[in-house]
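# Descriptive analysis of the structure
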Amino acid sequence: MSTGDLLSVEPQELQFQFELRKQISCSMQLTNKTNDYVAFKVKTTNPKKYCVRPNTGVVLPHSTCDVTVTMQAQKEAPLDMQCKDKFLLQSAVASPGATTKDITPELFNKETGNKVEECKLKVNYVAPPQPPSPVREGSEEGSSPRASISENGTINTTDSTAVPRAHAESHEKSSEARALIAKLTEEKNSAVQQSNKLHQELELLRRQGNNSRGGIPFMYVVLIGLLGILLGYLVK
């Protein structure tokens, strides 16, 4: 805080969060510590670049006044974010009941014998705060980067894009496996049905053979062979 006999200024350094092609504003507060009406006037070394509202005014006794300084949108960033612009705040005692209309250039003229206080303000550019990166929480398709600390104390961060890629490949392989299992199950059920049908036919032939009192029919031998082949396929 800059403190004079008439006005105190907060802050003494104007800070702008610099962004290209965007108007940026900051404010300062003037406090009248006296029992008098105090007039003020704000000047700058670069009037085309800044807009001050209000640039002149009267602060009532033991009152405060907020002044807003707006920097016009800039097309290029200054080298090393350094700014040489400056502001000058002039203050002088005004007549009781004075308003902004009563302020004249002669009021801030030291040659006329008026007591004029001056406060110089520097301009400082600061980088805007970086927004937090979006992170999906509880998502099956993605996850935030995981950091691990190695033995030498360094932090290793895994790439979050690797997790969704691995998940997609695993999902594709799982779909192929399910399709293969379904196909094998269908073939197994069909083979079981064929086996049951052969058992029924064999039983029928056995009964016919007993009734005819003859030897083993040729068809019976063939069916037994087919059944053995089918059972061998199922065992594999």
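Here goes a summary of the coordinates provided. (Residues numbered from 1 in each chain as written. Predicted model: local features only at pLDDT ≥ 70, side-chain atom pairs only at ≥ 80, totals over all residues. Heavy atoms only, no water.)

Moving on, we come to the pairing of strand S6 (residues 50–53). Within a regular beta strand, the side chains point alternately toward one face of the sheet and then the other, so they alternate between its two faces. Alternating positions in S6 separate cleanly, Tyr50 and Val52 being buried on one face and Cys51 and Arg53 remaining unburied on the opposite face. Relative to strand S8 (residues 64–71), S6 runs antiparallel, the two being bridged by 4 bridges. Along S8, the bridge assignment pairs Tyr50 with Met71. (Buried < 20%, exposed > 50% of the residue type's maximum accessible area, 1.4 Å probe, protein only. Helix = DSSP H or I, 4+ residues; strand = E, 2+ residues; numbered from the N terminus. Pairing = 2+ DSSP bridges.)

Bringing the packing of aromatic side chains into the picture now. Here the structure, examined in full by the defined rule, presents 3 aromatic pairs. The interplanar angle of 40° and the centroid separation of 5.8 Å between the aromatic rings of Phe16 and Tyr50 together place this pair among those described as tilted. Residue Phe16 is located in strand S3 (residues 13–17), and its partner Tyr50 is located in strand S6; the two are separated by 34 residues in the primary sequence. The pair Phe16 / Tyr50 is uniform in exposure class, with both members buried. Ring centres of Tyr50 and Phe87 lie 5.0 Å apart, and the angle between their planes is 70°; this geometry places the pair in the edge-to-face category. A residue pair is termed long-range when its members are at least 10 positions apart, and Tyr50 in strand S6 and Phe87 in strand S9 (residues 86–94) qualify at 37 residues. The two residues Tyr50 and Phe87 agree in class, both being buried. An aromatic cluster is built from Phe16, Tyr50 and Phe87, whose rings are joined through pairwise contacts. (Phe/Tyr/Trp six-rings, centres within 6.5 Å; stacked < 30°, edge-to-face > 60°.)

What follows deals with unusual backbone geometry. Going from Glu10 to Pro11, the amide bond is cis rather than trans, its omega being 0°. Among the structural elements, Pro11 can be located in the loop between strand S2 (7–10) and S3. With an omega dihedral of -10°, the bond running from Arg53 to Pro54 counts as a cis peptide bond. Within the fold, Pro54 resides in the loop between S6 and strand S7 (56–59). The phi dihedral of Arg21 is positive, around 55°, even though this residue is not glycine. For Arg21, the location among the structural elements is in the loop between S3 and strand S4 (24–32). In this structure, His62 is a non-glycine residue whose phi angle is positive, near 55°. Under the relative-accessibility criterion, His62 is labelled exposed at 54%.

What follows covers the sheet that holds S7. With respect to topology, 5 strands assemble into an open sheet ordered S3-S10-S9-S5-S7, the strand pairing being mixed. Both outer strands of the open sheet, S3 and S7, are each paired with one neighbouring strand and no more. For this sheet the average axis-to-axis angle between neighbouring strands, irrespective of direction, equals 25°. Pairing analysis gives 8 bridges linking strand S5 (residues 37–44) to S9, with the strands arranged antiparallel. Among the inter-strand pairings, Lys43 is bridged to a residue of S9, identified as Leu88. (Axes fitted to C-alpha atoms, helices over the stretch in contact; angles between N-to-C directions.)

Purely geometric numbers; function is a separate question.
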